[in-house]
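Letter by letter, the chains look like this.
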Amino acid sequence: MRILMVSPYPPARDGLANYAVQEVKRLRADGHDVEVLSPGPSAAHHHLDLVGVRGALALARRVRGYDRIIVQYHPNVFFGDRPTPSERSRTYAALAVAFRAAHHVEVRVHEYPHAGAETRGEATAARQMWAAVDRISVHTERERGELATAFGIAPARISIEEHGANFEKRTNLDKVDARARLGLPADGFLFLAIGFVQPHKGFDRAVRAFSGLAEHGCRLEIVGSVRLDDTDYVAYVEDLRALVSATPGANLREEYVSDAEFDIWIVAADALVLPYRLIWSSGVCERAALYHRPVIASRIGGLADQGGAEMMLVDDDRELAIAMRSLAGLVDDVRITGNWPGADRTAVMDEIRLRASRRSPAGASMGGTQTVAPVRQTAPLRRLRPLTMPDARSARPGASAMKRVVRRLTAWQTDPIIKQVNQLQQAAIEAVADRPADPSVPASGPTAR
Amino acid sequence: MERKGRLGFVPARYGDGVVGGAEAVLREMAHGLAQRGWEVDVLTTCARDHFTWENVFDPGVETVADGVTVRRFPTVISTARAERAQFNAAISAGAPLAMSEQERWMNDDLRLPEMFHYLLDHSDEYRALVFAPYLFWPAFACGQVAPDRTILMPCLHDEPEAYLDIFHPVFSGSRGLWFLSDPECDLARSIHPRLTDYEVIGSGLDVPAHYDPEGFRARHGIEGPFVMYAGRREGGKNWEAMLDAFARAVVNGGLPLSLVTMGHGEVVAPPEIADRVFDLGYVSEAERNDAYAAATAYIQPSAFESFSRTMMEAWLAGTMVIAAGASAVNRWHCDRSGAGLVYDDDDEFEECLRFISEAPDAAAGIAAAGRQYVLDHYTWPPVLDAVERSIDAWLPWS
């Protein structure tokens, strides 16, 4: 099949280009004849300024020779900066012409104006454009609902394409080697915030939430490049630099990292922190999922619906701080929300055990490195509640006071015993967890009865 | 070691008439490894000239000497490159460019969409992909398709472009880097805070079996002592400035020297020395080697060198080298070998020329150490050994 992909493309380094090239690779591997058209010169076969009516009509002249057109849709590609409603209306209408001229059009929606159309004319034109598309896809259920509402599209017409469906690993390093490669200390809990440093990424929120964690051996690394062509971004980065310099354990690396190095950073981390102020779906989350790194992220956009990554979603800065402390093992209550396996009881049980293990100090082997098999092995031991002294309260008059006196008098004998018993329990759990699983016992499989 | 798996060498240009140090090193390395039993592909453009990037070779696949498979991809230049010229001026002036501007600078030049997609489809079939030099689109864009199996031989010079942020990913994210000299490696470490794995492998040269200096003079009708320059005659190599300085030195200083030059690029000699400048254009390797042997000294005026093959070629022929000290590489070689003179301004350049004119025997005595220096450090067998060791270490066969 002859396919034309319309998208930003490498060597431009942005999420959309990165996404597109991975889909192109997969389509070509499947035997399709794929060409790419990008908005400017790139590694694409063709380039065309796609902004406005002129761009859309130029696209219309290019699409006829292909069996299938795939558009990686972002408004900036077609509308430019700050278009007026009338400009948007005309562009929508022209894009409708372009899409109708094609045999088959698929639009992967990565971003769109969530408020929908501002005027009746714009709404009409936008509906025409969406009507001319044969297949519309988004990355999450939430985006499907919002897109349908914003533009009056029947939800059934919008399919969900997993964001990371075409993603591949770009490093085989393990955490130890990744940290060595990056010159990072081998020990200590490492939080990572990575991506272009922009206000809406909310990396400043991560720094504030991190405050105080350095004294517990934690680090926060913020890694990403700055797009200096936007004055708002420059001001934001200056503020972020000041904030980081005043926060022990936080570090800002203004670096333009390679794709491989991006993944090496993820592998080196124990957890990613993505306190976005605005996002619809996140490629970083998908890359974290490739390496089984947990992600703390804002509960916005479609992040809650993104499959794959182990997500802790937070609603505000207080929850963000709690989540970071939790993952670092500083509080016991670690809750990973959403992203459950499907209707597979064994998988669900494994997931339950895994998540539960992270919520207790006994199972807190941070960073998603705990595996299901040790969790199962240690379960009988973990079910035993820690030994404590009997409750000193009593309904009988004076009995409570008497019990408290006795406790104080005998504490010098009983407390070391209780402590020793609990330490024995902890040591037994760790010993069992460290023991290789019996290969004859499947880690996942049919449950008895 | 196991010479298994296919190696892909990706020079920006390859073939007859191509002038350039990086291209020569990569070509000889590819063929040297093929002779050792490796399966070798050369992936390159159809261009010969790195200014126009005009497609002069046919695209497609051919098998050449040593069983090397050459795959040529057409260059695409789809703009007037006006924006690139503007950005070049800004870069030369040291003005900071935003990342998006750096990307536009890179893309407003030759591009190779067909090579990019060939690698996207087939990079898994190569054990290693070796790119050089770092500065051009082929290494920059195509070198990031499969970084886990990419080895970059940057051929880095201390030039303004080297400091652009856009290049960080290729220096930090490739599987490995091969440097040609210690100063080049030091420069890379100073620019890029976190280099990927690297090794200084140097570069090899084939040692000519014999030289025929008298035959060269006879064939070209050249009499009397002369100095020589071979390579790209262009501003980036300080060619014009050297030509002017040479004119002042020989005219004002009354020096009996001529200048013989060969290679690519226009030669516009000052009128007062026009009869003393011999432009031979593109010549065969044998003819070039004979010229080295016939010359009193070889001039290396370039400040942007990562290795300088021509200095080595001159020393192999037993000829004195006079090199610009603005290049740390030039100075390093001259200091290490003890076989070259270094100048830092026009006055020193004139005095170097005076020395070889007035004391040719002493100059020859100094230059004598150069041949052994090259034989000790820069012949192909030890360089190829180092290349194979690093391939084995970074990309073990599985």
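Residues numbered from 1 in each chain as written. Chains lettered and ligands numbered in written order. Predicted model: local features only at pLDDT ≥ 70, side-chain atom pairs only at ≥ 80, totals over all residues.

## Quick look at the interface of chain A and chain B
(1) Moving on: In this complex, chain A contributes 28 residues to the contact, which on the side of chain B involves 28 residues.
(2) Moving on: Considered class by class, the residues forming the side of chain A that touches chain B number 12 nonpolar, 8 polar and 8 charged. (Contact = placed C-beta atoms within 7 Å. Nonpolar A, V, L, I, M, F, W, Y, C, P; charged D, E, K, R; others polar.)

## Some points on the pairing of strand E5 (residues 105-109) of chain A
Residue and element names in this part refer to chain A.
(1) Moving on: Across the 5 residues of E5, 5 count as buried, placing the element largely inside the fold.
(2) Moving on: Of the two faces of E5, both are covered, the one formed by Val105, Val107 and Val109 as well as the one formed by Glu106 and Arg108.
(3) Moving on: Where E5 meets strand E6 (residues 135-138), 3 bridges bridge the pair, whose relative direction is parallel. Each bridged residue has a counterpart across the sheet, and for Val107 the counterpart in E6 is Ile136.
(4) Moving on: In the classification by handedness, the crossover that spans E5, the intervening helix H5 (residues 120-131) and the parallel E6 is right-handed. (Buried ≥ 20, exposed ≤ 12 C-beta atoms within 10 Å, placed from the backbone. Helix = DSSP H or I, 4+ residues; strand = E, 2+ residues; numbered from the N terminus. Pairing = 2+ DSSP bridges. Right-handed = clockwise from strand over helix to strand, strands pointing away.)

## Side note on the sheet that holds strand E8 (residues 189-194) of chain A
Residue and element names in this part refer to chain A.
(1) Moving on: Strand order in this open sheet of 6 strands is E10-E9-E8-E11-E12-E13, and the pairing throughout is parallel. Both outer strands of the open sheet, strand E10 (250-254) and strand E13 (311-314), are each paired with one neighbouring strand and no more. When strand polarity is set aside, the average angle formed by the axes of neighbouring strands in this sheet is 25°.
(2) Moving on: Taken together, the 4 bridges between strand E12 (residues 295-298) and E13 define a ladder with parallel strand orientation. When the bridges of E13 are listed, Ile296 appears paired with Met312.
(3) Moving on: Its contacts with the sheet place helix H8 (residues 203-210) against E8, strand E9 (218-224), E10 and strand E11 (271-274), and it is angled at close to 170° to E9. (Axes fitted to C-alpha atoms, helices over the stretch in contact; angles between N-to-C directions.)

## A look at the packing of helix H7 (residues 175-182) of chain A against helix H10 (residues 259-268) of chain A
All names here are of chain A.
(1) Moving on: With their axes 8 Å apart at the nearest point, H7 and H10 run at an angle of 120° to one another. In terms of axis orientation, H7 runs oblique to H10. Note that H7 runs across H10; the crossing there is left-handed. Residues Lys175, Ala178, Arg179, Arg181 and Leu182 of H7 pack against Ile264, Trp265, Val267 and Ala268 of H10.
(2) Moving on: Across the contact of H7 with H10, the residue classes tally to 6 nonpolar, no polar and 3 charged. (Parallel < 35°, antiparallel > 145°, perpendicular 65-115°, else oblique. Left-handed = near helix turned anticlockwise from the far one by under 90°.)

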